[in-house]
Structures are given as structure tokens and as C-alpha cells.
Amino acid sequence: MARVESIVLTNMCLLENEEGEILVQDRLSKDWPGITFPGGHVEENESIHDSMIREFHEETGLKLLDLKLCGILHWTPLSNARYITICYKAHRYEGEIKSSKEGRIFWLKLEDLKKENLSYDLEEILPVFLNEEIGEYYCLNNKEEKPILKKLY
């Protein structure tokens, strides 16, 4: 068994304001369109924490002040490279929101989230952000391209 595998390392953050709204992004990407949380790729020689601060600022115009690690998402798509997303939550920030080329940024009540056109699997991964007892979401795709979902607590 190999101890080394190819990975794609990303991050995502759920920011909640004092009014109980969450910041979402309506992604324009053809690969993963729809409503999701801001985030992106970790660059070479960049810490995961710093990459989250950078990506969030690039996509929203906001600087996160109290970033807290809340879980991990990972799956193995048919390309055989593991895709890992480090999940964060935050409540404090500086700046004014602005949309980017990635998509429109806006505040939304959490209870209204499921009324939106969500990105594929956002509803499935929400417990990692919302439930402190769930810290991991894992999906292994089989040959029929149907995901086998496991939530590990």
C-alpha cells in the first residue's frame, strides 16, 4: 500500500454575522456552480490557515478575524487524486463585502439556505460546519460514479 497519494488541497469558510446571517457565494464555475461558502485552493508553500484568509479576502473583500478550524471534507473522484477541503468557521471580520469573478457574494439567513440553488453536495456537508460533533465528511466514488457517503464522528 502506497503511503503517498496525489491530493488537491482546498479550504472553505462559513462566516456568520451578528444577525445570524451567513455569507454565501453564488459560484459561476462550470465545475461546481451554485450557492456555497467562499474558499479556494492552497498555494504551494502557503499555510492552510493563511490560504483561507487570502482566499476569503479575494472572493469577498472581507478580512477574517477569528478563524476557527471546524472539520475536513475529503473524497476521491474518479481521477484517483484525493480532494481535501479544510473547513473553517468565523464570526468576526473587517471590511465591506464585494463580489469577485468567482461569483456573487451575499448574506443569507441559514434557514433560507436550502431554498437556494445549492452547489452539488453542499447540503450533505453542512453538518461539518454546523454540528460540533461531526468533524469529517468522506465520500468514495465507485466505478458507477455514485458516491458512497460516510459521515464520521
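Just so it is clear, the model here is predicted, and its values are computed rather than measured. (Residues numbered from 1 in each chain as written. Predicted model: local features only at pLDDT ≥ 70, side-chain atom pairs only at ≥ 80, totals over all residues. Heavy atoms only, no water.)

S.K.: Looking at this structure, how should I read the side chain of Thr 36?
M.R.: The topology assignment puts Thr 36 in strand S3 (residues 34-36). Relative accessible area serves as the criterion here: at 1%, Thr 36 is assigned to the buried category. When sequence neighbours within four positions are dropped, the list of residues in contact with Thr 36 reads Met 12, Val 24, Gln 25, Arg 27, Ser 119 and Leu 122. (Helix = DSSP H or I, 4+ residues; strand = E, 2+ residues; numbered from the N terminus. Buried < 20%, exposed > 50% of the residue type's maximum accessible area, 1.4 Å probe, protein only. Contact = heavy atoms within 4.5 Å.)

S.K.: Help me out: how do you make sense of the confidence of the model for the chain in this one?
M.R.: When pLDDT is averaged along the chain, the result is 89; 89% of the residues meet or exceed 70. The model gives residues 145-149 a pLDDT under 50, and that stretch makes 15 contacts with residues more than four places away or in other chains. (pLDDT = per-residue confidence, 0-100.)

S.K.: Would you explain the packing of aromatic side chains in this entry?
M.R.: Each aromatic ring pair is characterised by the separation of its centres together with the angle its planes make. What the rule picks out here adds up to three aromatic pairs. Aromatic pair Phe 37 and Phe 129: ring centres 5.1 Å apart, planes at 65°, arrangement edge-to-face. Of this pair, Phe 37 sits in the loop between S3 and strand S4 (39-41) while Phe 129 sits in helix H2 (residues 122-130), and the two are 92 residues apart along the sequence. Exposure remark for Phe 37: the relative accessible area of 2% places this residue in the buried category. Classification of Phe 129 as buried rests on a relative accessible area of 1%. Here Arg 104 stacks its cationic end above the ring of Phe 106, 4.0 Å away from the centre of that ring. (Phe/Tyr/Trp six-rings, centres within 6.5 Å; stacked < 30°, edge-to-face > 60°. Lys NZ or Arg CZ within 6 Å of the ring centre and 35° of its normal.)

S.K.: Sorry, what's going on with H2 here?
M.R.: Note that an α-helix has 3.6 residues per turn; residues three or four places apart therefore point the same way. For H2, every residue scored as buried is listed here: Leu 122, Ile 125, Leu 126, Val 128 and Phe 129. Taken down its axis, H2 places every buried residue within 160° of arc, on the same side. (Arc of directions from axis to C-beta.)

S.K.: What am I meant to see in the pattern of salt bridges here?
M.R.: Between side chains of opposite charge, a pair can form when the charged atoms approach closely. The final tally for this structure, using the stated rule, is eight salt bridges. Two residues, Glu 46 and Arg 54, come together in a salt bridge whose shortest N-O distance is 2.7 Å. Residue Asp 112 is joined to Lys 115 by a salt bridge in which the shortest nitrogen-to-oxygen separation is 3.0 Å. What makes Lys 115 exposed here is its relative accessible area of 67%. (Salt bridge = Lys/Arg side-chain N within 4 Å of Asp/Glu carboxyl O.)

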